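A closer look at the structure
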Amino acid sequence: MKKPFSWDIYSDQAALLQDKAYKKAMRKKELPSLIATYLLALIILPLAWLVMPFAKRKPVTNKNFFTMGVDFERESEAALKMLDELGVKSILVRLKLWEMEKLPQIKAFMEKNHGRHITLKIMQDREHIEDLELLRKDFDTIFSTLNADIYEIGTTINRAKWGFFSVSEYLRFYKVAYDLKKEKYPNITLIGSGVIDFEFHWTVHTLFNFCRCRYDGVSALLYVDRRGAPEKTQLGFNLSDKIALLSSLVSISPKTKKHIYITETNWPISDTAPYAPTSQSECVDEATYTNYMVRYHLLGFASAQLEFIAWHQLIAKGYGLVEYDFEEKKLRKRKAFRAYKAMITHLDGASFLRMDVKRGYYRIMCIKDERLLEIHWSLWVEKEVDFSDGYEVYDILGKKVTASSVTIGESPYYIYDTKAVVV
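As a starting point, this report considers the structure included with it. From a predicted model like this one, the values you see are computed outputs, not experimental measurements.

What counts, and where the lines are drawn
Residues numbered from 1 in each chain as written. Predicted model: local features only at pLDDT ≥ 70, side-chain atom pairs only at ≥ 80, totals over all residues. Heavy atoms only, no water. Helix = DSSP H or I, 4+ residues; strand = E, 2+ residues; numbered from the N terminus. Buried < 20%, exposed > 50% of the residue type's maximum accessible area, 1.4 Å probe, protein only. Contact = heavy atoms within 4.5 Å. Polar contact = N/O pair within 3.5 Å; in protein donor to acceptor, adjacent residues only side chain to side chain. Patch = residues over 30% accessible without salt bridge, like charges linked within 9 Å, V, L, I, M, F, W, Y side chains within 5 Å. Areas by Shrake-Rupley, 256 points an atom, 1.4 Å probe, with all protein chains shown as cover. Salt bridge = Lys/Arg side-chain N within 4 Å of Asp/Glu carboxyl O. Pairing = 2+ DSSP bridges. Axes fitted to C-alpha atoms, helices over the stretch in contact; angles between N-to-C directions. Expected span 1.5 Å × (residues − 1). Phe/Tyr/Trp six-rings, centres within 6.5 Å; stacked < 30°, edge-to-face > 60°. Lys NZ or Arg CZ within 6 Å of the ring centre and 35° of its normal. Parallel < 35°, antiparallel > 145°, perpendicular 65-115°, else oblique. Left-handed = near helix turned anticlockwise from the far one by under 90°. Nonpolar A, V, L, I, M, F, W, Y, C, P; charged D, E, K, R; others polar.

Moving on: unusual backbone geometry. The omega torsion of the bond from Gly192 to Ser193 falls at 15 degrees, within 30 degrees of zero and hence cis. Its location among the elements puts Ser193 in strand β7 (residues 190-196). The omega torsion of the bond from His312 to Gln313 falls at 0 degrees, within 30 degrees of zero and hence cis. Of note, Leu235 is a non-glycine position whose phi angle comes to about 55 degrees, a positive value. Here Leu235 is to be found in the loop between β8 (218-221) and α10 (239-252). By relative accessible area, which is 73% here, Leu235 ends up exposed. One non-glycine residue, Asp369, lies in positive phi territory at about 50 degrees. Mapped onto the secondary structure, Asp369 falls in the loop between β14 (361-368) and β15 (371-378). Given a relative accessible area of 60%, Asp369 falls into the exposed group.

Think of an α-helix as turning once every 3.6 residues; residues three or four places apart then point the same way. The element helix α9 (residues 200-207) is largely enclosed, with a buried count of eight among its eight residues. Buried within α9 we find Phe200, His201, Trp202, Thr203, Val204, His205, Thr206 and Leu207. Tucked into the core, α9 has its buried residues touching α2 (31-50), α8 (167-183), β7, β8 and α10.

Time to look at the side chain of Lys102. Mapped onto the secondary structure, Lys102 falls in the loop between β4 (90-96) and α5 (103-112). The exposure class assigned to Lys102 is buried, which follows from its relative accessible area of 17%. A polar contact of 3.0 Å, which involves the side chain of Lys102, links it to the side chain of Glu73. Here Lys102 is in contact with Phe72 and Glu73, once residues within four sequence places are set aside.

What follows deals with a nonpolar patch on the surface. On the surface, a cluster of nonpolar side chains totalling about 520 Å² of accessible area is made up of Leu31, Ile35, Leu39, Leu42 and Ile43. As for its placement among the helices and strands, Ile43 is situated in helix α2. Residue Ile43 is classed as exposed on the basis of its relative accessible area, which comes to 59%.

Strand-to-strand pairing in sheets goes through backbone hydrogen bonds, with the strands running parallel or antiparallel. Around the barrel, eight strands lie side by side as β3-β4-β5-β6-β7-β8-β9-β10; this closed barrel has parallel pairing. Taking each pair of neighbouring strands and ignoring which way they run, the sheet shows an average axis angle of 25 degrees. As paired elements, strand β6 (residues 150-153) and β7 share two bridges and run parallel to each other. Considered in β7, the bridge of Tyr151 is made with Leu190. Each of β3 (66-70), β4 and β5 (117-123) touches α5; the most contacted strand, β4, lies at about 175 degrees to it.

Evaluated as defined, the whole model comprises 27 salt bridges. A salt bridge links Asp216 to Lys257; the nearest nitrogen and oxygen atoms lie 3.5 Å apart. In this pair, Asp216 sits in the loop between α9 and β8 while Lys257 sits in the loop between α10 and β9 (260-265), placing the two residues 41 residues apart along the sequence. Overall, the relative accessible area of 10% leaves Asp216 in the buried class. Measuring nitrogen to oxygen at the nearest pair gives 2.9 Å for the salt bridge that ties Arg363 to Glu374. Remark: Glu374 occurs in strand β15 and Arg363 occurs in strand β14; sequence separation between them is 11 residues. Here Arg363 falls in the partly exposed class, since its relative accessible area comes to 26%.

On to α8, then. For α8, built from 17 residues, the straight-helix expectation of 24 Å at 1.5 Å per residue is met to within 8% by its first-to-last C-alpha distance of 24 Å. Inspection of α8 places Val167, Glu169, Tyr170, Leu171, Phe173, Tyr174, Val176, Ala177, Tyr178, Leu180 and Lys181 among the buried residues, and these make up the whole buried set. Sitting at the head of α8, Ser166 places a side-chain oxygen 3.4 Å from the backbone nitrogen of Ser168.

Note that Thr145 resides in helix α7 (residues 132-145). Discounting chain neighbours no more than four positions away, the residues touching Thr145 are Leu103 and Lys107. Polar contacts involving the side chain of Thr145 include one to the main-chain carbonyl oxygen of Thr141, which spans 2.6 Å.

Moving on to the packing of aromatic side chains. For the coordinates displayed, the defined rule picks out 29 aromatic pairs. Their ring planes at 65 degrees and their centres at 5.0 Å tell us that Tyr261 and Phe308 sit as a pair that is edge-to-face. Linking Tyr261 in strand β9 with Phe308 in strand β10 (residues 308-311), this pair joins segments that are 47 residues apart in sequence. Like Phe308, Tyr261 is buried. Among the aromatic residues, those joined into a cluster by ring pairs are Phe139, Phe143, Tyr151, Phe164, Tyr170, Phe173, Tyr174, Tyr185 and Tyr215. Above the ring of Tyr361, the side-chain terminus of Lys383 is found at 5.0 Å from the ring centroid.

In this structure, strand β17 (residues 391-394) lies alongside strand β18 (residues 400-401), joined through two bridges in antiparallel fashion. In the strand pairing of β18, Val393 is matched with Val401. Between β17 and β18, which pair antiparallel and follow one another directly, the connecting turn spans five residues, one of which, Gly398, has a positive phi of 90 degrees.

One way to put it is that helix α11 (residues 286-303) packs onto helix α12 (residues 335-347) with a least axis distance of 9 Å and a crossing angle of 20 degrees. Taken together, the axis directions place α11 and α12 in an arrangement best described as roughly parallel. In this structure, α11 meets α12 at a crossing whose hand is right-handed. On α12, the residues touching Glu286, Tyr289, Thr290, Met293, Val294, His297, Leu298 and Phe301 of α11 are Lys335, Ala336, Ala339, Tyr340, Met343 and Leu347. Each residue belonging to the contact of α11 with α12 can be placed in one class, and the counts come to 10 nonpolar, two polar and two charged.

This is the structure:
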């Protein structure tokens, strides 16, 4: 990245911006846009909240719903085998605009995954934000060279360390890609704006403005790692509520098709510094990581408002399904790997019916292979449930349970009612 920006090679993200004077000067320069962001939010967010109950739901198309982030440079051959083992049909690959020389590597990796749905996340640097002619040239090269199903234009636009200081800067950046689409690549799919965390005032400005551009869908990096479990509330909103609010914003915006993509989320794992993307206080142990990961996806699935959730990412020491030991050059599959595989196995081809929540007890109902599939977990009090007659039960790791009763706690169980056959 162009100075004063830099890249943290340990946690695979932009490093903290150390030049405070530069940061202050840039925010002062972009003050009109920042004021517009907050004024628009004051008007639009209450309206979106009012129409939340009426946000349209749709059946989940499971084929691409479970999307896995993959680093094309990190143990790529091993990654391909693990993607096959997991049954992943959709992947997300990140491209850094300051590493255009790696396009041949990315192209080769994408060609090896030609049978999978591919989303290409194009990550910005300050040079490309400032030099729109260079940006147009490199976008043109990317669109003509790499055959992705979806291109996510820009990421994490509400964090200065990633290069943007305002929504106006992002809109100018995105419009270069949009104009190229209109002129030369009418069939490509462009999504944005990649706002991170529950900061939808930034999303509002990207969806309500005078920029002559449109999105084919809205992307979000909806993390909850500083709030604990996905069911925990922030400003009164849990994960399900946040998704519903985002869906409401998308439904009333004239700037986008009604598609929502969560293109990045994870939980940082304890005692993995400096590879964890946050401080130790936000990290969780591997058992909690597994529970949170699965429940996040289940809640997203039950929202019936998302196109996919992209887990970030397959191989990463501080937050991945697979730990990479940099000293011994070895890979270790965490228990979450088995949990992710079990989740895909049980929900592949499943049709969502409804979700019931009562005093911290969650019950999702689906139709799977003409059978009723229920997924249960409990947050507050463990509950023993008898499944001795006509039920087939699997734990979070995919192991079949032979006991006549199951103690339902924070780890979800997949429960098939063999008596309830749907034809």
